[in-house]
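# Summary of structural features
Each chain is listed here by its residues.
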Amino acid sequence: MKLFIYHTPELTPEDKVPDCAIAVDVLRATTTIATVLAAGAEAVQVFSDLDQLIQVSEAWSAEKRLRAGERGGAKVAGFDMGNSPLDCTPERVQGRRLFISTTNGTRALQRVQHAAAVTAAAFINRAAVVKYIMTQQPEVLWIVGSGWEGSFSLEDTACAGAIAHSIWQQTELPLAELAGNDEVMGAIALYTQWQNNLLELFHHASHGKRLLRLDCYEDLKYCAQTDIVDVLPLQKEPGVL
Ligand code: 3SL
């Protein structure tokens, strides 16, 4: 297995397709996706465009769909919810399809949607995703962070490092052989430095600060938990997990 980490969708190669790609948006899209599937949603369908989301979701009855729209951290007017994982209770989501568009996370998923296998990871479902990787043993694996509007984000790279660290521990491979690019070692170093204090790391992160300004401290606390949800959001068709 060769593992490559890309900090943002913009830094991800456009001329190659890996055997498996993991999209990461810890704050908060992939945390929300893992949570909503664990709470019994039928599926999650991602969109970069809000109008297209509205149009496609019209085919589902109001009882069978939930529309989630986030821009700049806030809920988009007219949508059922924003992007808080804490809104994804079983009572609300069971049996429904979540149609979601967020600023960066859904773009990361769309960027890798043509890989042979695609999944979504956050700290909360890290172990489930690593278990899948260890079973599948892809030859080439990408972990793609969402960042924020093209820029690096601490929390996504730390989560990429958490996944890489766990894979490394479970393979027999020396790190130099597993790592396909320098980002892998950098991400592992970031994760091991902060693994016992992820909530504090989020306080240093620019998007963490943005969410704190929007009164989302409880969201940060939830997103900072590791391996609490045993769910693998696997892409069934492009854009649908
Ligand atoms: O950028 C994104 O995709 C979002 O996850 C941002 S937010 O956490 O919902 O503000």
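The rules we used
- Position numbers for residues start from 1 in each chain and track the written sequence from start to end.
- For a predicted model such as this one, the threshold for reporting local features is a pLDDT of at least 70, and the threshold for listing and counting side-chain atom pairs is 80 or more; totals across whole chains, interfaces and linings nevertheless cover every residue.
- Excluded from the side-chain calculations are hydrogens and water; all other atoms, namely the structure's heavy atoms, are used.
- Stacked, edge-to-face and tilted are the three classes for Phe, Tyr and Trp ring pairs, Trp counted by its six-membered ring, which pair at centre distances within 6.5 Å; planes under 30 degrees apart are stacked, over 60 edge-to-face, the rest tilted.
- Numbering of helices and strands runs from the N terminus, with a helix taken as a DSSP run of H or I at least four residues long and a strand as a DSSP run of E at least two residues long.
- Between buried and exposed lies partly exposed: a residue is buried under 20% and exposed over 50% of the maximum accessible area for its type, with that area taken using a 1.4 Å probe on protein chains only.
- Note on method: axes are straight lines fitted to C-alpha atoms, helices fitted across the in-contact stretch only, with angles between N-to-C directions ranging 0 to 180 degrees.
- Convention used here: angles under 35 degrees read as roughly parallel, angles over 145 as roughly antiparallel, angles from 65 to 115 as roughly perpendicular, and any remaining angle as oblique.
- In this analysis, two residues are considered to be in contact whenever any of their non-hydrogen atoms come within 4.5 Å of each other.
- Three residue categories are used. Nonpolar comprises Ala, Val, Leu, Ile, Met, Phe, Trp, Tyr, Cys and Pro, charged comprises Asp, Glu, Lys and Arg, and polar comprises the others, including Gly.
- If you view the pair so one helix is near and one far, a crossing is left-handed when the near helix is turned anticlockwise from the far one by less than a right angle, and right-handed when it is turned clockwise.
- Near, as used in this document, describes a residue that has one of its heavy atoms within 4 Å of the molecule or strand being considered.
- Any pair of nitrogen or oxygen atoms within 3.5 Å is treated as a polar contact; in protein, a donor-acceptor pairing is required on top of that, and neighbouring residues in sequence qualify only through side-chain atoms on both sides.
- Per-residue and other accessible areas follow the Shrake-Rupley method at a 1.4 Å probe size, with only the shown protein chains counted as cover for residues.

## Focus on the packing of aromatic side chains
Summed over the entire model, instances satisfying the criterion amount to six aromatic pairs. Ring centres 5.3 Å apart and planes at 80° place the aromatic pair tyrosine 6 and tryptophan 142 in the edge-to-face group. In this pair, tyrosine 6 is assigned in strand S1 (residues 2–6) and tryptophan 142 in strand S8 (residues 140–145), connecting sequence segments 136 residues apart. Judged by its relative accessible area of 11%, tyrosine 6 is buried. According to the relative accessible area criterion, tryptophan 142 is buried, its value standing at 4%. Aromatic pair phenylalanine 123 and phenylalanine 202: ring centres 6.3 Å apart, planes at 45°, arrangement tilted. On the criterion of sequence distance, the pair formed by phenylalanine 123 in the loop between strand S7 (117–121) and helix H5 (126–136) and phenylalanine 202 in helix H9 (residues 198–204) is long-range, its members being 79 residues apart. Across this residue pair, the class does not change: phenylalanine 123 and phenylalanine 202 are buried.

## Here's the deal with the packing of helix H6 (residues 154–170) against helix H8 (residues 182–194)
The geometry of a pair of packed helices is captured by two quantities: the angle between their axes and the separation between those axes. Contact pair H6 / H8: the axes reach a minimum separation of 7 Å and the direction vectors enclose 100°. Accordingly, the angle class assigned to the pair H6 and H8 is roughly perpendicular. Along its contact with H6, which presents Leu154, Thr157, Ala158, Ala160, Gly161, Ala162, Ala164, His165 and Trp168, the element H8 presents Val184, Ala187, Ile188, Leu190, Tyr191 and Thr192. In the contact of H6 with H8, the residues fall into eleven nonpolar, four polar and no charged.

## What to know about the packing of H5 against H6
Where H5 meets H6, the axes come as close as 10 Å, and the angle between the chain directions of the two elements is 45°. As judged from the angle between their axes, H5 and H6 are oblique. In this structure, H5 meets H6 at a crossing whose hand is right-handed. Of the residues in H6, those in contact with Arg126, Val130, Ile133 and Met134 of H5 are Ala162, Ile163, Ser166, Ile167 and Gln170. The residue inventory of the contact of H5 with H6, partitioned by class, reads six nonpolar, two polar and one charged.

## Examining the site of the ligand
Neighbouring the ligand are 14 residues; Asp25, Arg28, Asn83, Thr102 and Gly105 lie closest to it. For the ligand, an oxygen atom lies 2.7 Å from a polar atom in the side chain of aspartate 25. One nitrogen or oxygen atom from the side chain of threonine 102 is found 2.5 Å from an oxygen atom belonging to the ligand. Burial of the ligand by the surrounding chains reaches 100%, relative to a free accessible area of 290 Å².

## A few points about the side chain of serine 57
Within the secondary structure, serine 57 sits in helix H2 (residues 50–57). A polar contact is formed between the side chain of serine 57 and the backbone oxygen of isoleucine 54, at a distance of 3.1 Å. Contact partners of serine 57, with chain neighbours within four places excluded, come to Arg65, Arg67 and Phe99.

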